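Each chain, letter by letter, is given below.
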Amino acid sequence: MQAETLEDVLQRDLEFAYDCEQHLMHELPKIAEAVNSRELRMAFEQQLEQTGLHLARLDQIFSWLNRPAGIETNHVIRSIVGEGNKLIKHINRSPLLDAALIAAASQAAHYEIALYGSLCSFARALNLDDSASLLQQTLNEEKQADQAFARIAEDSVNREALQFHNTPHIFPLL
Ligand SMILES: [Fe+2]
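These remarks concern the structure in this document. (Residues numbered from 1 in each chain as written. Predicted model: local features only at pLDDT ≥ 70, side-chain atom pairs only at ≥ 80, totals over all residues. Heavy atoms only, no water.)

**Let's talk about the overall build of the protein chain**
Consideration 1: Of the regular secondary structure elements, the protein chain holds 5 helices and 0 strands.
Consideration 2: Order of helices (α) and strands (β) in the protein chain, N terminus to C terminus: α-α-α-α-α.
Consideration 3: Along the first, second and third principal axes, the C-alpha set of the protein chain runs to 55 × 35 × 20 Å.
Consideration 4: In the protein chain, which comprises 174 residues, the proportion classed as buried is 44%.
Consideration 5: Here the contacts in the protein chain between residues at least 6 apart in sequence split such that 80% fall between residues at least 24 apart.
Consideration 6: Per element, the accessible surface of the protein chain, about 9600 Å² overall, is 54% carbon and sulfur. (Helix = DSSP H or I, 4+ residues; strand = E, 2+ residues; numbered from the N terminus. Buried < 20%, exposed > 50% of the residue type's maximum accessible area, 1.4 Å probe, protein only. Contact = heavy atoms within 4.5 Å. Areas by Shrake-Rupley, 256 points an atom, 1.4 Å probe, with all protein chains shown as cover.)

Structure, rendered in structure tokens:
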């Protein structure tokens, strides 16, 4: 899109956020299904629930701005999730896979934190107080999700992963 004003830049980044959340809605069930740890599965399921909430907030903001939800494709989240899908293909269900998926989840969370951090500050600069407040709620939840994943890694998964040696699939999955 052509960006001429800060409103345009805000719109563009809102579209990136929207596509990011939509892509996560589509992919998170598959990731939750692939993990070994029950606690980690619950964390991914909770993230899926929150992703629905994040999408609803973005819908609300687009309607306040009287702009469409948009068409930008978010290649960053597609790339991070794509790497996560490769891990699922190449590592058997195990604490090792869990540790690797937590690292991917952390990369996605940090990307979302950066995105929503910028969106909050653009909205505040434009005096869009209601939008800024919704974006801030999402930003806080992204930070909490990142901390929850890190806690699971530190408390159990990384230690359990030390004991596991992956045997590559004899017939690699395509
Ligand atoms: Fe999100």
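**A few points about the coordination of the iron ion**
Consideration 1: Listed as protein donors to the iron ion are Glu21 (OE), Glu21 (OE), His54 (ND1), Glu112 (OE) and Glu142 (OE); their distances from the metal cover 2.1 to 2.5 Å.
Consideration 2: Each donor residue of the iron ion belongs to the same chain, and together they define the spacing E-x32-H-x57-E-x29-E. Of this pair, His54 sits in helix α2 (residues 38–65) while Glu142 is found in helix α5 (residues 129–162), placing the two residues 88 residues apart along the sequence.
Consideration 3: Residue classification places Glu142 among the buried positions, given a relative accessible area of 3%. (Donors = N, O, S within 2.8 Å, 3.2 Å for Na, K, Ca; no water.)

**Brief notes about the environment of Glu21**
Consideration 1: By secondary structure assignment, the location of Glu21 is in helix α1 (residues 6–34).
Consideration 2: Measuring from C-alpha to C-alpha, the distance between Glu21 and Arg41 comes to 19 Å, with 20 residues separating the pair along the chain.
Consideration 3: Not counting residues within four places of it along the chain, the set of residues in contact with Glu21 comprises Thr51, His54, Leu55, Leu58, Glu112, Tyr116, Thr138 and Glu142.
Consideration 4: At 3.3 Å, the side chain of Glu21 forms a polar contact with the side chain of His54. (Polar contact = N/O pair within 3.5 Å; in protein donor to acceptor, adjacent residues only side chain to side chain.)

**Section: the pattern of salt bridges**
Two side chains of opposite charge can pair, provided their charged atoms sit close to one another.
Consideration 1: The full count for this structure, using the stated rule, is 6 salt bridges.
Consideration 2: The closest approach of N and O atoms between Arg67 and Asp8, which form a salt bridge, is 3.5 Å. Taken as a pair, Arg67 in the loop between α2 and α3 (75–90) and Asp8 in helix α1 lie far apart in primary sequence, 59 residues in all.
Consideration 3: A relative accessible area of 12% means that Asp8 is categorised as buried.
Consideration 4: Ionic pairing is found between Glu27 and Lys30, a salt bridge with its closest N-O pair at 3.0 Å. Separated by 3 residues within a single helix, Glu27 and Lys30 lie in helix α1, roughly one turn from each other. (Salt bridge = Lys/Arg side-chain N within 4 Å of Asp/Glu carboxyl O.)

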